[in-house]
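The primary structure of each chain is shown beneath.
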Amino acid sequence: MDGYTLTHKTPTRKDFLDTADFDQSEIMDIINTARTVRSFIKGGGYLNSLFHKNLAMLFEQKSTRTRVSFEVAMEQLGGHALNLAPGAIQLGQHETIEDTAVVLGRMCDMIMSRVDRHESIEALAKYAQVPVLNGMSEKVHPTQGVGDMITILDHFPAGKNPSDVKVIFVGDATQVCNTLCDMTTKMGMNFVHYGPANHKIEDYWLEVGRKNNEKYGGTCIWSDNAEVLKGADFIYTDVWYGLYDKETPKEVYMADFYPKYQVNDEMMAATGNPNCKFMHCLPANRNEEVTDSVLDSPNSIAWDEAENRLTAQRGLVLYFGGVAQVTLDYIKRQKEVR
Ligand code: CP
């Protein structure tokens, strides 16, 4: 792929609910679109591919990165985003998710939603006649996963093949962990969930990862043995209580994870790799799951990762808006005439 030619000229599915629904070539179409558009925009180029197109952003929970990145992406591509924050519309009061889906689908060109329960994003996709993108559920965080893979590729260890690369997710098996398991193994890398047995990644996701390994290479395991840290290229963590587990008291989750699963200087040193990068989907609970010294270190790529949410969202709205190939053709022509 030259960065301008997609394997699939049009979206292979209407909706983006879970990265596990897509194969490597489909995900790489989105990533290649996103990276080519990023360099064009960073180079001073302007795009209008989504002129007059509207994205409804329906949030059942708070968000900084997902909300801002989708809104900025739509504006940069000539379109518009509507922020339908929790409590802002009739949903959850007098109107069902199904009826909301039909109405938003009649007025808008795409819907992105962060939902309390995964069934809600499936209902939106079923009842809306326009593409629906999952801005996070308790099960998966696919738009985060695209940005994360872009970040891993941006910082890919020199001279290595994907099957030599080890990505370790440390701590609680959150929806970010599930999606990272799918994305890294889909790219033929080695994925490890290093966490306590009572917060272990579900066998379902280990099976998803192993099926990917059969097709693309790499490995997929869970372990609570610190030996697995050796040779890591990327250490990734997330908060120890998520948006979906607010009821977990701090003393309970601290007892489960601290100090063994805190990403600190000692854990980074235990990788034996001075170039090992640190990733976090953010927001972080500083000095709980990660110390300041790691999050703010030169090896931390968490801020690039946050910025790549915007990179990813541009690729996603172009791809699911059905205008990715035409946009890449335009960028190629612009480069040729310069
Ligand atoms: N990582 C992430 O999804 O951030 P927000 O909750 O701020 O959108």
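Residues numbered from 1 in each chain as written. Predicted model: local features only at pLDDT ≥ 70, side-chain atom pairs only at ≥ 80, totals over all residues. Heavy atoms only, no water.

## Details of the side chain of Asn178
Spelled out, the test is: The way it works is that DSSP assigns letters per residue, a run of H or I at least four long becomes a helix, a run of E at least two long becomes a strand, and they are numbered from the N terminus. Contacts were defined at the residue level, with two residues in contact if any of their heavy atoms lie within 4.5 Å.
Structurally, Asn178 can be placed in helix H6 (residues 175-186). When residues no more than four places from it in sequence are discounted, the contact partners of Asn178 are Lys139, Ala173, Ile201 and Trp205.

## Structural notes on the nonpolar core
Operational definition: Here, nonpolar core means buried Ala, Val, Leu, Ile, Met, Phe, Trp, Tyr and Cys residues that are tied together by side-chain atoms lying within 4.5 Å of each other. Only protein chains enter the accessibility calculation, which uses a 1.4 Å probe; a residue whose area is less than 20% of its type maximum is buried, one above 50% is exposed, and one in between is partly exposed. Residue ranges assigned to each domain were obtained from an automatic or database domain assignment.
Core analysis: the biggest nonpolar cluster contains 60 residues, and Phe16, Val146 and Phe320 have the highest contact counts within it. Broken down by element, the residue count for this core peaks at eight residues, all from helix H1 (residues 24-42). The two domains that each donate at least three residues to this core are domain 1 (19-141 + 309-337) and domain 2 (156-300). Sequence-distant contacts of Phe320, that is, excluding residues within four places in its chain, are made with Pro11, Arg13, Lys14, Asp15, Phe16, Phe22, Ile30, Met110, Pro131 and Leu133. Listed in part, the 23 residues of the second largest apolar core include Val228, Leu229, Cys276 and Val294.

## Examining the pairing of strand S3 (residues 110-114)
Counted only if it meets this: By definition, two strands form a pair when at least two bridges between them are found by DSSP.
Counting buried residues along S3, five of its five residues qualify, which places the element largely inside the surrounding structure. Covered by surrounding structure in S3 are Met110, Met112 and Arg114 together with Ile111 and Ser113, the residues of both alternating faces. Where strand S1 (residues 54-59) lies against S3, five bridges are found, and the strand directions are parallel. What sits directly across from Ala56, in S3, is Ile111. Here S3 runs beside strand S4 (residues 132-134); their pairing, made up of three bridges, is parallel. Each residue of the ladder has a partner; that of Met112, found in S4, is Leu133.

## Description of H1
Put simply, the rule reads: Expected span, for any helix, means 1.5 Å times one less than how many residues it has.
Helix length check: H1, at 19 residues, gives a terminal C-alpha distance of 26 Å against a target of 27 Å (1.5 Å per residue), a fit within 8%. Where burial is concerned, most of H1 is hidden: 14 out of the 19 residues are buried. Of the residues trailing H1, Gly44 is marked for its positive phi of about 100°.

## Description of the site of the ligand
Note the following rule: Nearness here has a simple test: a residue counts as near a molecule or strand if at least one of its heavy atoms is within 4 Å of that partner. Areas reported as accessible are Shrake-Rupley estimates using a 1.4 Å probe. Residue values count occlusion only from the protein chains shown. The classification used treats Ala, Val, Leu, Ile, Met, Phe, Trp, Tyr, Cys and Pro as nonpolar, Asp, Glu, Lys and Arg as charged, and all other residues, Gly among them, as polar.
By nearness alone, every residue bordering the ligand is listed as Ser63, Thr64, Arg65, Thr66, Arg114, His141, Gln144, Cys281, Leu282 and Arg309. Within the complex, 94% of the 250 Å² of free accessible area of the ligand lies under protein. Per-class residue counts for the shell around the ligand are two nonpolar, five polar and three charged.

## Some words on the packing of aromatic side chains
The condition that has to hold: Here the aromatic set is Phe, Tyr and Trp, taking the six-membered ring for Trp, and pairing holds for ring centres within 6.5 Å; pairs whose planes are under 30 degrees apart are stacked, those over 60 apart are edge-to-face, and all others are tilted. Only lysine NZ and arginine CZ atoms are considered, and such an atom sits over a ring when it is within 6 Å of the ring centre and within 35 degrees of the ring normal.
If you walk through the whole model with that rule in mind, you get 10 aromatic pairs. Plain terms: the ring middles of Phe16 and Phe320 are 5.5 Å apart, the flat faces sit at 40° to each other, and that makes the pair tilted. A residue pair is termed long-range when its members are at least 10 positions apart, and Phe16 in the segment before H1 and Phe320 in helix H11 (residues 302-320) qualify at 304 residues. Feature note: the residues Phe16, Phe22, Tyr319 and Phe320 constitute an aromatic cluster, connected by ring pairs. Between the NZ or CZ atom of Arg13 and the centre of the ring of Phe22, over which it lies, the distance is 5.9 Å.

## Some remarks on a nonpolar patch on the surface
Just so we agree on the cut-off: Nonpolar side chains (Val, Leu, Ile, Met, Phe, Trp, Tyr) are joined into patches within 5 Å and like charges within 9 Å, using only residues with over 30% relative accessible area and no salt bridge. Here, a salt bridge means any side-chain nitrogen of Lys or Arg that lies within 4 Å of a carboxyl oxygen of Asp or Glu.
On the surface, Val102, Val103, Met107 and Tyr127 cluster together into a nonpolar patch covering about 360 Å² of accessible area. Considering each element in turn, the nonpolar patch owes the most residues, three residues, to helix H3 (residues 97-107). Mapped onto the secondary structure, Met107 falls in helix H3.

## Considerations on the domain arrangement of the chain
Keep this limit in mind: Note on terms: buried area is the combined drop in 1.4 Å-probe accessible area of two parts once they are placed together, counting the loss on both.
Domain annotation for the chain reports domain 1 (19-141 + 309-337) and domain 2 (156-300). Just the C-alpha atoms count here: the centres of domain 1 and domain 2 sit 27 Å apart. The largest per-residue losses of area from domain 1 upon contact with domain 2 belong to Thr19, Gln24 and Arg65, which jointly make up 32% of the total buried on that side. The interface formed by domain 1 and domain 2 contains zero salt bridges.

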